[in-house]
Amino acid sequence: MSMERADIAFKINGAAVSVCVPPVRRLSSVLRDELHLTGTKVGCDAGDCGACTVLVDGEPVCACLMSVASAAGTVVTTVEGLANGRLSALQASFLDHGAAQCGICTPGLLVAATALLDSKPNPTEAETQDALGGVLCRCTGYRKIIAAVMDASRHAYGVDRRMPQSGHAVGSSPIRLDGLPKVTGGEKFGGDSFPADALAVLVVRSPHYHARFAFGDLDAWIKAHPGAVGVYTAADIPGKNSFGVIAPFADQPALAEGFSRFRGEAVALVAGEREAMLDLDLSDFPVRWTELPHVLQTCEAQAGGAQLIHENRPANLLTTGFVERGDPEAALAGAAFTVSGAIDTSYVEHAYIEPEAGYSYMDGETLVVVACTQAPYMDRDDVAKVLGLAVDKVRIVPTATGGGFGSKLDVSLQPLIGLVAMKTGRPAALAYTRNESMISTTKRHPAEMKATIGADADGRIIGMVFAGDFNTGAYASWGPTVANRVPVHASGPYATPNYRAEGRAIHTNGPISGAFRGFGVPQATIMQETLYDELAEKLGLDRLDFRLKSCLRNGSETVTGQRLESGVGIAECLEALRPHWMRALVDAELFNAGSSTKKRGVGVASCWYGCGNTSLPNPSTIKVGISASGDVVLHQGAVDIGQGSNTVIAQICADALGLPLERFTLKSADTAITPDAGKTSASRQTFVSGKAAEKAGRALRETMLRFANVSEKAAIALDGTSLIIREGEATRHVDLSAMKADADGFVFRAEESYDPPTLPLDAKGQGKPYAVYGYGAQIAELEVDLKLGTAKLIKITAAHDVGKAINPLLAEGQIEGGIAQGIGMALMEEYIPGRTENLHDYLIPTIGDVPPIETILIEVPDPEGPFGAKGLGEHVLIPTAPAILNAIRHATGVLVTKIPATPSRIRAAIREKEARR
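A brief look at the structure comes next. (Residues numbered from 1 in each chain as written. Predicted model: local features only at pLDDT ≥ 70, side-chain atom pairs only at ≥ 80, totals over all residues. Heavy atoms only, no water.)

## With respect to the overall build of the chain
What counts is decided by this rule: Helix numbers and strand numbers start at the N terminus; a helix is a DSSP run of H or I with at least 4 residues, a strand a run of E with at least 2. Atoms counted for the radius of gyration: C-alpha only. Globule rule: 2.2 Å times the number of residues to the power 0.38. Here, two residues are considered to be in contact whenever any of their heavy atoms come within 4.5 Å of each other. A 1.4 Å probe and the Shrake-Rupley method give the accessible areas. Residues count as covered only by the protein chains that appear here. The charge count includes Lys and Arg as positive and Asp and Glu as negative, but it does not include His or the ends of the chains. For the purpose of locating charges, the reference atoms are NZ of Lys, CZ of Arg, CG of Asp and CD of Glu.
Looking only at helices and strands, one finds 22 helices and 33 strands in the chain. Over its C-alpha atoms the chain spans a radius of gyration of 28 Å, differing by no more than 12% from the 29 Å that the globule rule assigns to 917 residues. Across its three principal directions, the C-alpha atoms of the chain cover 85 × 80 × 60 Å. In the chain, 77% of the contacts between residues at least 6 apart in sequence involve partners at least 24 apart. Accessible surface, the chain: about 31600 Å² in total, of which carbon and sulfur atoms supply 51%. Charged side chains in the chain number 85 positive and 103 negative. The centres of these two groups are separated by 3 Å.

In structure tokens, the structure reads:
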């Protein structure tokens, strides 16, 4: 039964409007669905994320918590109303400071900040943090947002003043090419452009960790619910009901068949008219559950007699990764000093502010899926397999993606909405609720790790043994990648001549663990770097000096036997931190001398990370051409999830081609029009897709120079439809409009691919797993309240070797955002199935939790990378948590061995230490 409706009038962005809707409907829904003001985002529908912040009579409110009836007679301002034909100073400041990354939280932040600036044109940092404290951001780390708000009053209007008009694009920080719609509310994310006639889709999910189920009379249930069109189950899936990011391990059904393996698993779909679905209660859906025994911990899953979660995987072991070099036991036995330890980490939720959303429709015989994703071509292949279609009959059109961090690599709703569109012939739309997103999508792998490390009398590392069990949950997802990547990296960026490391991915009935910024390396680095501090203490060495003694350098061999000829920048990172390290230690010593209840600590940690797939093909293809109208059109299929690939790859191509960035037009990822640039993961896009873009730019330039019969020393320029080529005193004009264009509209074109040169790992993990590594090191300064166990961060200093900073501002933004996620992992984030399935109970850092961050960009070029560049996205998170844990240990004398280091765990460790005295 539909709700009674009423006419409700109010002003929106200066215009009078009236809507006829149920008075209790959320203001956020009315703004988006009735008035099509989709700049107001919905991240939680609970007032936890603040993405839906609007002004009501000048005051910021969460539109998801306000009924439309409460807005009657008010004046409402959304992000679309801030510009008034030209950007506000605040919006321009956001662009200049790089304060918008993925952009999903940007409208809420802009609206909240507008209210602040209306009353306080020159706010302090504390006032800014207070005003924006209710809006969560998962990408930026907040620091550039604070700077943009505080700088807004001194800002001029306009957005084009930082586009390089001449000279080099590489090394400059132009406003991001996709930045403007992020600050105006014009950007279209997964849930922002549903067709008006689309069927709404609801998902029936398992409430149990492990259960058998059977359906009742589905036809009778449909008939009893007006507006419902159909119910679809696994029996309706026409193809192979199994998907997975790594084909040999693919094991997850789009809809479970007969029994569910984890809480939140999809078992059925209900499709119907939008209004009917808004009010539909699924509690009477005809499904009977029989709960079965379940295991959530890896130790339970490995115990003798444990029920197998997959019959073909004995002992619930998905796979093992292994690296061995030298004789680690003999080395440790002969070491002057050894340390051993064990550390456990928790599930970590990605907590992107945009829940999964998208729609699907039939375009003739082609199924089109328009949704947020990190991997359009992988989506295409899995959707085609599940729905029994040829891959050329599936088209994936990525929307803007409101954060991903790895979880949006796996398909989620794509095959589900595709199935409904195929079955009904109508468009089908689905946006996950926050709860759905959190219970059904992937997490960071919990890890149980132990290690022993030994050094000689001079303080050089001579041996290490590491073992880690990683809880991969009910299905494989990226478990094999984690198991294989961890043993390669668990040594850290240090020469370790005798080494053995094993990573095991183990099934449980817990949430599926997948890719999350680092693929297990952040967990392993916590184990290794905290032991390094303990070993330095045993040796009586300064902790920074100790790391410099053994760090990799040009000519070093890694634990896989790979000789690193050049581009190794970890020593430069550590050396760059030295003055900050010395100052921080003095500051802490002075503070501690005068304080008994609070103690300061300083921690340091390093990282290295191989860019791209581990010992596997990893190609990207980029297409670029000159149109008859004189535009440079870049078909750029590397999905930008906020990290900046739309801008960085264009900058690389511009300099390789020799034409200004301002002439470029982007054609973003779409499997129908852009070549496959691979998935946005593994810190590969700047390096791999950037290298393909460099090759394509150079090839296009060569094609034009050959056409003009000039040498490579010639300069090219565009003036309208005229291509101008100068060499020495000679100048030639080519009329592009008179030339014949190809099917893409190009008169000159190039398409180039790049696949990093790697070698397989042998049975002992020896080989060349990556062509390029990035390096970094961070210092954390903090204060611990010994009575409360709270850790207050004071400053983080980060030195990262990027090879070449293609766009320094975007690189800083990545560093700050990664550090914020590392802070969450270290101190507060712990996903507990059944308990923390929303953004109220699951805590991520707010604007007040991220301290000042000082970024030091180190440029040690790698000849393999475009203009010497290396990847960065994942590296920046890896050292943060161990640096924080080492700082807590420095302050208190205790290491917390169950992560996150919550106040209760810090306090318990302090009490345990006091009891031992």
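## A look at the packing of helix α18 (residues 645–657) against helix α19 (residues 685–707)
Going by this rule: Between the N-to-C directions of two axes lies an angle of 0 to 180 degrees, each axis being a line fitted to C-alpha atoms and, for a helix, fitted only over the stretch in contact. Handedness of each helix crossing follows the sense of rotation of the near helix against the far helix: counterclockwise by less than a right angle gives left-handed, clockwise gives right-handed. Note on residue classes: Ala, Val, Leu, Ile, Met, Phe, Trp, Tyr, Cys and Pro are nonpolar, Asp, Glu, Lys and Arg are charged, and everything else, Gly too, is polar.
Between α18 and α19, the least distance of the axes is 7 Å, while the angle of their chain directions is 35 degrees. Our pair here, α18 against α19, has a crossing hand that is right-handed. Only Gln685, Thr686, Ser689, Gly690, Ala693, Glu694, Gly697, Arg698, Leu700, Arg701 and Met704 of α19 make contact with α18, whose side of the interface consists of Ser645, Val648, Ile649, Ile652, Cys653, Ala656 and Leu657. Split into classes, the residues belonging to the contact of α18 with α19 amount to 9 nonpolar, 6 polar and 3 charged.

## Re the pairing of strand β31 (residues 773–785)
To be explicit about the condition: A 1.4 Å probe rolled over the protein chains alone gives each residue an accessible area, and that area as a share of the maximum for its type sets the label: buried under 20%, exposed over 50%, partly exposed in between. When DSSP locates at least two bridges between a pair of strands, those strands are taken to pair.
Among the 13 residues of β31, 13 are classified as buried, and the element is accordingly described as predominantly covered. Residue alternation in β31 divides its side chains into two sets, Tyr773, Tyr775, Ala777, Ile779, Glu781, Glu783 and Asp785 and Gly774, Gly776, Gln778, Ala780, Leu782 and Val784, and both sets are buried. Pairing of strand β23 (residues 598–610) with β31 involves 13 bridges; the strand directions are antiparallel. Its bridge partner lying in β31, Cys607 is registered against Gly776. Pairing analysis gives 10 bridges linking β31 to strand β32 (residues 791–801), with the strands arranged antiparallel. Bridge assignment links Gln778 to a residue of β32, and that residue is Ala798. The hairpin turn running from β31 into β32, its antiparallel successor, is 5 residues long, and Gly789 in that turn takes a positive phi close to 80 degrees.

## Considering the sheet that holds strand β27 (residues 715–719)
Two pairing modes exist for strands in a sheet, parallel and antiparallel, and in both the strands are linked by backbone hydrogen bonds. With respect to topology, 3 strands assemble into an open sheet ordered β27-β28-β29, the strand pairing being antiparallel. Sheet topology places β27 and β29 (730–735) at the edges, where each strand pairs with a single neighbour. Going across the sheet, the axis of each strand differs from the next one's by a mean of 20 degrees, ignoring polarity. Examined bridge by bridge, β27 and strand β28 (residues 722–727) share 5 bridges and lie antiparallel to one another. From the neighbouring strand, Ala715 faces β28, where its bridge partner is Arg726.

## Quick word on the nonpolar core
Let me state the cut-off plainly: What we call a nonpolar core is a set of buried Ala, Val, Leu, Ile, Met, Phe, Trp, Tyr and Cys residues that are connected through their side-chain atoms within 4.5 Å.
By size, the foremost hydrophobic cluster in this structure holds 154 residues, and its most contacted members are Phe94, Phe466 and Ile884. Not counting chain neighbours up to four residues away, the residues in contact with Phe94 comprise Ala99, Ala100, Thr106, Leu109, Leu110, Ile145, Ala148, Val149 and Val183. Among the nonpolar cores identified, the runner-up in size contains 40 residues, and Met704, Leu705, Ala708 and Ile725 belong to it.

## Concerning the packing of aromatic side chains
Going by this rule: Centres within 6.5 Å are what make two rings of Phe, Tyr or Trp a pair, Trp counting through its six-membered ring; a difference in plane orientation under 30 degrees is then read as stacked, over 60 as edge-to-face, and the rest as tilted.
Applying the stated criterion across every chain yields a total of 16 aromatic pairs. Pairing Phe707 with Phe748 gives two aromatic rings, centres 5.2 Å apart and planes at 75 degrees, and the pair type is edge-to-face. Linking Phe707 in helix α19 with Phe748 in strand β30 (residues 746–754), this pair joins segments that are 41 residues apart in sequence. For Phe707, a relative accessible area of 40% corresponds to the partly exposed category. On the numbers, 6.4 Å between centres and 55 degrees between planes, the contact of Tyr831 with Tyr842 is tilted. Here Tyr831, found in the loop between α20 (808–827) and β33 (853–858), pairs with Tyr842, found in the loop between α20 and β33; they are 11 residues apart in sequence, far enough to count as distant. A single burial state applies to Tyr831 and to Tyr842, both of which are buried. Taken together, the ring pairs connect Phe213, Phe215, Trp221, Phe285 and Trp289 into an aromatic cluster.

## Considerations on helix α22 (residues 903–916)
Here is the rule: Here the expected span of a helix is defined as 1.5 Å times the quantity of residues minus one. The directions from the helix axis to the C-beta atoms are what the arc is built from.
In this model, α22 (14 residues) spans 20 Å end to end at C-alpha, consistent with the 20 Å of a helix rising 1.5 Å per residue. Along α22, the residues that are buried comprise Ile906, Arg907, Ala909 and Ile910. All buried residues of α22 lie within an arc of 160 degrees about the axis, which places them on one face of the element. Turned more than 90 degrees from where α22 packs its buried face, Ser904, Ala915 and Arg916 sit exposed. As for α22, its buried residues are in contact with β31, β32 and α21 (880–892).

## Let's talk about the sheet that holds strand β15 (residues 357–363)
Spatially, 7 strands are ordered β8-β10-β6-β18-β15-β16-β17 in an open sheet, and the strand pairing comes out mixed. In the strand order of this sheet, the two ends are held by β8 (228–232) and β17 (394–398), each with one partner. Recorded for the sheet is a direction-independent mean angle of 25 degrees between the axes of neighbouring strands. Judged from the 4 bridges that link them, β15 and strand β18 (residues 428–431) form a sheet pairing that is antiparallel. Residue pairing in the sheet places Tyr359 in a bridge with Ala429 of β18.

## Remarks on α19
In an α-helix there are 3.6 residues to a turn, and that puts residues three or four apart on one side. Helix length check: α19, at 23 residues, gives a terminal C-alpha distance of 31 Å against a target of 33 Å (1.5 Å per residue), a fit within 8%. Just downstream of α19, Asn709 is the residue with a positive phi angle, here 60 degrees.

## Thoughts on the side chain of Glu349
What counts, and what does not: We define a polar contact as two N or O atoms separated by no more than 3.5 Å, with the added condition that, inside protein, one atom must be a possible hydrogen donor and the other a possible acceptor, whereas residues neighbouring each other in sequence contribute only through side-chain atom pairs.
Examined against the element boundaries, Glu349 turns out to sit in strand β14 (residues 348–349). In terms of polar contacts, Glu349 uses its side chain to reach the side chain of Lys443, at 2.8 Å. Every residue in contact with Glu349, bar those within four places of it in the chain, is listed here: Arg138, Met438, Thr442, Lys443, Phe516, Glu829, Tyr831 and Tyr842.

## Re the environment of Ile343
Note on placement: Ile343 falls in strand β13 (residues 337–344). Separated by 555 residues in sequence, Ile343 and Lys898 place their C-alpha atoms 6.0 Å apart. Setting aside anything within four residues of it in sequence, one finds Ile343 in contact with Ala447, Glu448, Met449, Ile526, Met527, Thr530, Leu895, Thr897 and Ile899.

## Considering the pattern of salt bridges
Threshold: In what follows, salt bridge is the name for a side-chain nitrogen of Lys or Arg lying within 4 Å of a carboxyl oxygen of Asp or Glu.
Applying the stated criterion across every chain yields a total of 52 salt bridges. One salt bridge in this structure joins Asp192 and Arg32, with 2.8 Å as the shortest N-O distance. You can see Asp192 sitting in the loop between α6 (180–184) and β6 (199–205) and its partner Arg32 sitting in helix α1 (residues 27–34), a full 160 residues away along the chain. A residue is classified by how much of its surface remains accessible, and Asp192, at 9% relative accessible area, is buried.

## A look at the packing of helix α16 (residues 543–550) against helix α17 (residues 570–593)
To keep it simple, the criterion reads: If an angle is under 35 degrees, it is roughly parallel; if it is over 145, roughly antiparallel; if it lies from 65 to 115, roughly perpendicular; otherwise it is oblique.
Axis separation between α16 and α17 bottoms out at 10 Å; the angle between their running directions is 170 degrees. On the basis of the axis angle, α16 is roughly antiparallel to α17. In contact with Arg543, Leu544, Asp545, Arg547 and Leu548 of α16, α17 contributes Ala571, Leu574, Glu575, Arg578, Trp581 and Leu585. Classifying every residue of the contact of α16 with α17 by side-chain character gives 6 nonpolar, no polar and 5 charged.

## Examining the pairing of β33
Short version of the rule: By definition, the crossover connecting two strands over a helix is right-handed if that path, from the first strand to the second, turns clockwise as seen with the strands pointing away from the viewer.
Alignment of β32 against β33, held across 6 bridges, turns out to be parallel. For His800, the partnering residue across the bridge sits in β33 and is Leu857. For the crossover from β32 across α20 to β33, the handedness is right-handed.

## Focus: unusual backbone geometry
Most peptide bonds are trans, and most residues other than glycine sit at a negative phi. The linkage connecting Ile899 with the following residue, Pro900, adopts the cis geometry, with an omega of 15 degrees. For Pro900, the position within the fold is in the loop between α21 and α22. Phi is positive for Asn84, which is not a glycine, with a value near 50 degrees. Here Asn84 shows up in the loop between β5 (75–77) and α2 (89–97).

## Focus on the environment of Gly43
Position of Gly43 relative to the elements: it lies in the loop between α1 and β3 (53–56). Along the sequence, Gly43 and Ala112 sit 69 residues apart, while their C-alpha atoms lie 16 Å from each other. Aside from chain neighbours lying at most four places away, what touches Gly43 is Cys49, Ala51, Ile353, Pro355 and Arg434.

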